[in-house]
Structure formats: structure tokens, C-alpha cells
Amino acid sequence: MKKALAISLCSIAALLLAAWGVLCTVFVSTGAGPARPPAPDTALVRELRDSVEALCAAPRYGETLQEAQDYIVRTLTDAGYRVRFQEFRNGGATYRNIIAERKGLHRGRYIIGAHYDACEPDDAGGTNPGADDNASAVAALLALAKRMPARPEHTIEMVFYACEEPPWFDTEGMGSHHHAQACNVQEVKGMICLEMLGCYSNAEGSQPSHFPGQSLLVPDKGNFIAVVGNMDSYTLARRTAGHLSKRIRTLRANIPFAGDSVLYFSDHRNYAPLGIPCIMVTDTAMLRNERYHESTDTPDTLNYTNMARVVEALLDAIRDLPR
């Protein structure tokens, strides 16, 4: 009897271990990254810093978006793109999504997006430079645009969104909502959202725990980049994370029924309901960065070397997008 019970307990333990392995492989997985991460292009590192500083030089909330728009348009135009705008009205004001694209060899398109607005401070005299949120991702998308293959496999549509932040977040006023509703769903093969890419730390506890069991799945050092989405985006997430993990420690999370969870706290939330595979690439935002939506979210707090690694890895991922 004791022997049979011991065998039964061992079988249960084996099943639990196997289930945990499936969970970690399918739902959440962590790539340790290379032991010695390759040094990124130093010119790219400087370029990212310059872009973040330029974007943070003027407010990017409410109706004060013109300088950021001008910078984005000028950078894209200098890189040879014909820029177009998608205008929409919110609260009596006109806002613009900024769009550039690179035509592909085959049918179908991928959208890569980042919002260029910052969160307006609560106090009238306050400031929010918005370096990590979200100048870091805008700078990365501009760098990607400048290095995009001349003829990628699929058309790559790069969208710089207005109105991601409150009071428009989770409303039909989001710039990404307007873009998603206007796109040809049958043509779009996937969407990659870039959201906060610049905050990293090797210190113990720099990735604070926010929910029970987090420590079993998420490293406690904020030195990784995350790729998150639902199960519809499994292939896109896994392939993207695979390229990122060659240059930086990477966490991938594909969670069923993600709904309105923290996994959808950005612009990709407006594409998922349309059945479009969509992922967010992020430094985990407010889960890590204590300067989130504060006056201390300044350009000097970002890790531009790791940002450059992310950009270089994303370029590799773009060359290997699912067909």
C-alpha cells in the first residue's frame, strides 16, 4: 500500500512538473540572453539619446504636440519617407496619427506602432518629460524606420499615435483605436506595439513583485525586455522574443483571456478585438519604472545601450516575420 501510494504521489508530482513545464513554455518563458551581450552600434546609441532628448524638449500632452510631430515628420522625411496623417477629433481639438510605410515583396502588412504623447501632470505647474513613456519607443521606431530593409517581405506600416494617455486611454478617442478601425483587417498579419523601452537595472528587487506567484515566473532584476500578448499572437511573440533573446535577457508571456489586464495597457489593445495577432514589447512600464508619469522620467535615466540592442534585435525580427 505504501509503495503504491509512493508511486501515485510520484506520478502526481511528475504530472505537476510537466504541467509547469508546459506553462513556462507556452504561457511564460524567460530567455537568459547571451552571457556577453554584443555591443550595439555606438552611432545608434547616440541617435536614440538625441531623439529622446529632442522629444522631451517640449510638452507632449493636451494640445501641445506640435513640436513632437514636427520632429517625427522631419526625421521620417529626411529618411526618404512620404509621410501621411490620419486626423481625428477629440474634445473639440484635432489630433494626428503620423504614418510611414515601406512596401513589401508580398501581400499583407505588419503594423509597428508607438504613441508619441505623454501623460499630462495632475498639478497645473507640474511637468512630465515622458522620456521612458514614451519617447524611448518613439526614438526606437524612428531608428527602425531609418534602417528598414528597402523591400521587406511584407509591407511595414509604422504608426506614431496621438492620444494614448489619459483622458483618452481605454476610449474610442485613442489614436490607435482610430487607426485600427480604419485598417483592412484581412490584410494585416500582425501588430507590434513599442511601449517604454529604456528602464533597466541589475539591482536585486528592481523588478518589484505586484501579484502572488510573480517571483516564480518573472525575474526580480529589471534587466530584461518583455514581449507580451494573448494566445492569438503566440507565433509572433515567440519569434520576436527569440531574436531579442540573442541580444538581451527576454521574458515572453502569452496569456489566454488577457482581456483588460496589464498586458493590454497600450495601443495593441485596439487591434486584439479585431482578431489581429498583436504583441507589446516593453520594459514592463509601471511594474518597473518608479518614475512612471512623474517629472523624474527624464532622458538621463534611460539605458540607451540596451535600447539599441532592442532596436537591432527588432530589425532581425522584422526580417523574420511570420508569413
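Bear in mind the structure is a predicted one, so any value in this text is a computation, not a measurement. Each chain has its residues counted from 1, running along the sequence as written. Where local features are concerned, this predicted model is filtered to residues with pLDDT of at least 70; where side-chain atom pairs are given and counted, the filter is 80 or more; whole-chain, interface and lining totals use all residues. Excluded from the side-chain calculation are hydrogens and water; included are all heavy atoms of the structure.

Caption draft 1: View of the overall build of the chain. Only DSSP runs of H or I reaching four residues or more are called helices, and only runs of E reaching two or more are called strands; each is numbered from the N terminus. For the chain, the helix and strand inventory stands at eight helices and nine strands. Within the chain, counting contacts between residues at least 6 apart in sequence, those at least 24 apart form 79% of the total. Every accessible area reported is derived by Shrake-Rupley at a probe size of 1.4 Å, with residue values counting cover from the shown protein chains alone. When the accessible surface of the chain is summed, it comes to about 14,800 Å², and 54% of that surface belongs to carbon and sulfur atoms. It only takes one pair of heavy atoms within 4.5 Å for two residues to be counted as in contact.

Caption draft 2: Looking closely at the sheet that holds strand 4 (residues 106–115). Across the sheet, which stays open at both edges, the nine strands sit in the order 1-8-7-9-6-4-5-3-2 with mixed pairing between neighbours. In this open sheet, the two edge strands, each paired with only one partner strand, are strand 1 (28–31) and strand 2 (84–90). Averaged over all pairs of adjacent strands, the angle between their axes in this sheet comes to 20°, without regard to strand direction. Sheet topology places strand 7 (residues 225–229) next to strand 9 (residues 278–282); four bridges connect them, and they run antiparallel. Note on strand 9: the bridge partner recorded for Ala-226 is Thr-282. Whether two strands pair comes down to DSSP finding at least two bridges between them. Interaxial angle, 0 to 180 degrees, is taken between N-to-C directions of lines fitted to C-alpha atoms, where a helix line uses only the stretch in contact.

Caption draft 3: Fine view of the packing of helix 2 (residues 42–55) against helix 8 (residues 304–318). The interhelical angle for the contact between helix 2 and helix 8, taken along N-to-C directions, is 110°, at an axis separation of 9 Å. If you check the angle between helix 2 and helix 8, you find them roughly perpendicular. Residues Leu-44, Val-45, Leu-48, Arg-49 and Val-52 of helix 2 form the contact with helix 8, whose participating residues are Tyr-304, Thr-305, Met-307, Ala-308, Val-311 and Glu-312. Comment on the angle field: the value is read as roughly parallel under 35 degrees, roughly antiparallel over 145, roughly perpendicular from 65 to 115, and oblique elsewhere.

Caption draft 4: Layout of the pattern of salt bridges. What makes a salt bridge here is a side-chain nitrogen of Lys or Arg within 4 Å of a carboxyl oxygen of Asp or Glu, nothing more. Enumeration over the complete set of coordinates arrives at 15 salt bridges. For Arg-109, the salt bridge identified is with Glu-187, shortest N-O distance 3.3 Å. Here Arg-109 is found in strand 4, whereas its partner Glu-187 is found in the loop between helix 5 (175–182) and strand 6 (188–195), with 78 residues between them in sequence. Burial classes follow relative accessibility: with a 1.4 Å probe on protein chains only, a residue under 20% of its type's maximum area counts as buried, one over 50% as exposed, and anything between as partly exposed. Residue Arg-109 is classed as buried on the basis of its relative accessible area of 10%. A network of salt bridges, in which partner residues are shared, links Arg-84, Glu-101, Lys-103, Arg-109, Glu-157 and Glu-187.

Caption draft 5: Local environment of the environment of Leu-141. Note on placement: Leu-141 falls in helix 4 (residues 131–147). For Leu-141 and Ala-114, which are 27 residues apart along the polypeptide, the C-alpha to C-alpha distance reads 7.1 Å.

Caption draft 6: Helix 5, seen in detail. Listed as buried for helix 5 are Gly-175, Ser-176, His-177, His-179 and Ala-180. In the core, the buried residues of helix 5 are packed alongside strand 2, strand 3 (93–102), strand 4 and strand 5 (154–161).

Caption draft 7: Main features of a negative patch on the surface. To count toward a patch, a residue needs a relative accessible area over 30% and no salt bridge; like charges are then connected within 9 Å, while nonpolar side chains (Val, Leu, Ile, Met, Phe, Trp, Tyr) are connected within 5 Å. We count Lys and Arg on the positive side and Asp and Glu on the negative side, and we leave His and both chain ends out. The atoms used to mark charge sites are NZ of Lys, CZ of Arg, CG of Asp and CD of Glu. A cluster of acidic side chains, namely Glu-120, Asp-122, Asp-123 and Glu-294, defines a negative patch on the protein surface. Locating Asp-122 in the fold gives a position in the loop between strand 4 and helix 4.

Caption draft 8: Spatial organisation of the packing of helix 2 against helix 3 (residues 66–78). The interhelical angle for the contact between helix 2 and helix 3, taken along N-to-C directions, is 150°, at an axis separation of 9 Å. When the interaxial angle is binned, helix 2 and helix 3 end up roughly antiparallel. Together, Asp-50, Ser-51, Ala-54 and Leu-55 of helix 2 and Ala-68, Tyr-71 and Ile-72 of helix 3 make up the contact between the two elements. Any residue outside Ala, Val, Leu, Ile, Met, Phe, Trp, Tyr, Cys, Pro, Asp, Glu, Lys and Arg is labelled polar, Gly included; the first ten of those are nonpolar and the last four are charged. When grouped by side-chain class, the residues that make up the contact of helix 2 with helix 3 number five nonpolar, one polar and one charged.

Caption draft 9: Here's a closer look at the state of the cysteines. To count as a disulfide, a pair of cysteine sulfur atoms needs to be within 2.5 Å. Within this structure, the stated rule accounts for zero disulfides. For Cys-278, which is in no disulfide, the shortest distance to another cysteine sulfur is to Cys-193 and amounts to 8.6 Å. Looking at Cys-278, the relative accessible area reads 0%, which means it is buried.

Caption draft 10: Highlighting the side chain of Thr-250. Examined against the element boundaries, Thr-250 turns out to sit in strand 8 (residues 250–254). In contact with Thr-250, other than residues within four places in its own chain, are Ser-29, Thr-30, Gly-31, Phe-224, Ile-225, Val-227, Ala-241, Leu-244 and Ser-245.

Caption draft 11: Molecular detail of the confidence of the model for the chain. Predictor confidence is given residue by residue as pLDDT, running from a minimum of 0 to a maximum of 100. For the chain, per-residue confidence averages 89 on the pLDDT scale, and residues scoring 70 or more make up 89% of the total. For residues 1–25, every residue scores under 50 in pLDDT, and the model assigns this stretch ten contacts once sequence neighbours within four places are set aside.

Caption draft 12: A look at the pairing of strand 5. Summarising burial for strand 5: eight of the eight residues are buried, a large majority. Relative to strand 5, strand 3 is paired through five bridges, and the arrangement is antiparallel. The residue of strand 5 that forms the bridge with Ile-98 is Phe-160. By convention, orient the strands away from the viewer: a clockwise path from the first strand over the helix to the second makes the crossover right-handed. Handedness of the crossover joining strand 4 and strand 5 through helix 4 is recorded here as right-handed.

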